[in-house]
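Residues per chain are reported as follows:
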Amino acid sequence: MTDGTLKTTPLNAAHRALGARMVGFSGYDMPVQYEGVLAEHRWTREHAGLFDVSHMGQCKITGRDAVAQFERFVPGDYQALKAGKQKYSLLLNEQGGIIDDLMAGKPDHDGLFVVVNAGNKDEDFAFWRANLSGDATLSVLDDRALIAVQGPEAAEVMVAHEPVLAEFGFMDCARLMLFGVDCYVSRSGYTGEDGYEISVPAGDAERVWNTILQDARVKPIGLGARDSLRLEAGLPLHGHDIDPTTSPVEGALTFALSKSRKEAANFDGAERVLKDLAEGPARVRVGLHVKEGAPAREGAEIADADGAVIGRVTSGGPSPSLGKNIAMGYVPPSHAALGTALQVIVRGKPAAAEVVAMPFVAQRYHRKPK
Amino acid sequence: MHFTKDHEWVRLDGDVATVGITKHAADQLGDVVFVETPEAGRAVSQKDGFAVVESVKAASDVYAPVSGEVIEGNAALASAPETVNADPEGEGWFARIKVSDASQLDGLMDRAAYDQFLTTL
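Being a predicted model, the structure only gives us computed values, none of them experimental. (Residues numbered from 1 in each chain as written. Chains lettered and ligands numbered in written order. Predicted model: local features only at pLDDT ≥ 70, side-chain atom pairs only at ≥ 80, totals over all residues.)

1. Let's talk about the overall build of chain B
Along its length, chain B carries four helices and nine strands. Helices (α) and strands (β) of chain B occur, in sequence order from the N terminus, as β-β-β-α-β-β-β-β-β-α-α-β-α. Relative to the compact-globule value of 14 Å for 121 residues, chain B shows a C-alpha radius of gyration of 13 Å, a close match. Viewed in the frame of its principal axes, chain B has a C-alpha envelope of about 35 × 35 × 20 Å. Across the 121 residues of chain B, 41% fall into the buried class. Counting only contacts in chain B whose residues sit at least 6 apart along the sequence, the fraction spanning at least 24 positions is 61%. (Helix = DSSP H or I, 4+ residues; strand = E, 2+ residues; numbered from the N terminus. Rg over C-alpha atoms; globule rule 2.2 N^0.38 Å. Buried ≥ 20, exposed ≤ 12 C-beta atoms within 10 Å, placed from the backbone. Contact = placed C-beta atoms within 7 Å.)

2. Looking at the pairing of strand β16 (residues 309–319) of chain A
Residues and elements named next belong to chain A. Of all eleven residues in β16, eight are buried; the element is thus mostly enclosed. Relative to β16, strand β15 (residues 301–303) runs antiparallel, the two being bridged by three bridges. For I302, the partnering residue across the bridge sits in β16 and is G311. Here β15 hands over to β16 after five residues, with G307 in that stretch at a positive phi of 100 degrees. (Pairing = 2+ DSSP bridges.)

3. What to know about the sheet that holds strand β4 (residues 57–62) of chain A
All names here are of chain A. The strand order across the open sheet built from five strands is β5-β6-β7-β4-β8, with neighbouring strands paired in antiparallel fashion. Because the sheet does not close on itself, it has two edges, and the strands there are β5 (86–92) and β8 (137–140). Neighbour-to-neighbour, the strand axes of this sheet turn through a mean angle of 30 degrees, independent of strand direction. In the sheet, β5 pairs with strand β6 (residues 98–105) via seven bridges, with the strands oriented antiparallel. Counterpart to L92 in the pairing with β6 is I98. Sheet strands in contact with helix α4 (residues 121–131) are β4, β5, β6, β7 (112–116) and β8, and its direction is about 10 degrees off that of β4. (Axes fitted to C-alpha atoms, helices over the stretch in contact; angles between N-to-C directions.)

4. A look at the UniProt feature "modified residue: N6-lipoyllysine" (unreviewed entry) in chain B
UniProt records the feature "modified residue: N6-lipoyllysine" (unreviewed entry) at K57 of chain B, using the numbering of this structure. Along the chain, K57 of chain B turns up in the loop between β6 (49–55) and β7 (59–63). Not counting the four nearest positions on each side in its chain, K57 of chain B is found in contact with V37 and G224 of chain A. (UniProt positions renumbered as here; feature names shortened; annotations may be inferred.)

5. Notes on the UniProt feature "binding site: substrate" (unreviewed entry) in chain A
Residue and element names in this part refer to chain A. Mapped onto this numbering, the UniProt entry gives "binding site: substrate" (unreviewed entry) at E197. Assignment of secondary structure puts E197 in strand β12 (residues 195–201). Sequence-distant contacts of E197, that is, excluding residues within four places in its chain, are made with L146, A148, S186, S188 and G189.

6. Things to note about α4 of chain A
Residue and element names in this part refer to chain A. The set of residues buried in α4 consists of K121, D124 and W128. Viewed along the axis of α4, the buried residues span an arc of 65 degrees, placing them on a single side of the element. Exposed and facing more than 90 degrees away from the buried side of α4 are A126, R129 and A130. Contacts made by the buried residues of α4 are with β4, β5, β6, β7 and β8. (Arc of directions from axis to C-beta.)

Here it is, written out as structure tokens:
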């Protein structure tokens, strides 16, 4: 039973064949779970999980001015980015708010390959179409699926198919033939685990998906576990933990601000970003350990030790890996130090919480020695 | 045993109703990670939210299938919320309620009617 108003990915039939529970997400009919969120979460942390993230937006920005034009709206140094590398960045508005977060890389010698969030892709593409000038052209790659393989056994699984993938380090990317077809691949993901994201022509997606799934170390993982995995990894979800009102400094994403770009201050929103850096932001995203009671979800109030409301939870839930409740949310910098005792208000009841470091669960990226 | 369209069940023994959520509801929720049951002495009205059940993803209200006074919440669910998945219509009960108006059960579905109702969803 497909809801006629929802779009489908090239893997829709594969999900149904696997017995997935399907839900509407960002306009797509997507698998939220197969056997269960907890089991899928744990499987990804222990073995290898296979994710359909074809709802996300994929595009190329090409032309002689592609990188310079792209840089006008992001705070990352893409001029200096080497071929075969990708970098996380933020599409900023003129007020320094985050329109979207994204991955952009140089998989080949033809501009940038960019992956953006499903819920923002139409706006992002419209923004670039309206604002890129000179010799810079946006090409939306809507004829491609995007498949992620994540987990401590992901590399072994993938290298068995394609030995070249062993040579990739974290954030390396390339355009090359994999599984006999033209792919974009990167060693990255959204779970905190080692793994790959592979952009595959739509017509080959189901074959590649089923080929990877044949390995007993691999199970399909739905969006439910994808969310709990990224929460544990401390990774923000746009539209929840960061949005067009949040600056990169407020969002605790200063690692995405390249030194050269801060010095040049030549990107949209630079004024606000530099002001937040110099004077400190009004609020900042922190990790919370909720020490008692129910999970604190998006929208729950955060109070100081005396009960005065100082902020709000933007994501939260149980951490299957840690066996406790975790959350992220915004508080004033005066209450953001690690170890600060706070409270979260869930259904009117205050519960003790403490500011803790993110990621909540250590990331296990495959970083090659430089 | 009687059932509501919100997927609660109620089993009456004398004037005491044991209530919980149905297997269908538990399956739909997926892994239950937290349950908040009502405290003894609380007066509840039929269709009021009287408990909360949480999956990894979200919190959902559970509605009282009958009016009355809570005798006890199932304290065992605090440390073993997964019991709701394992045995939703048995050990995974939510509360016992001293029923104030047993005729309210007449407005609920029996097993056959509930099973039929599920086929319409």
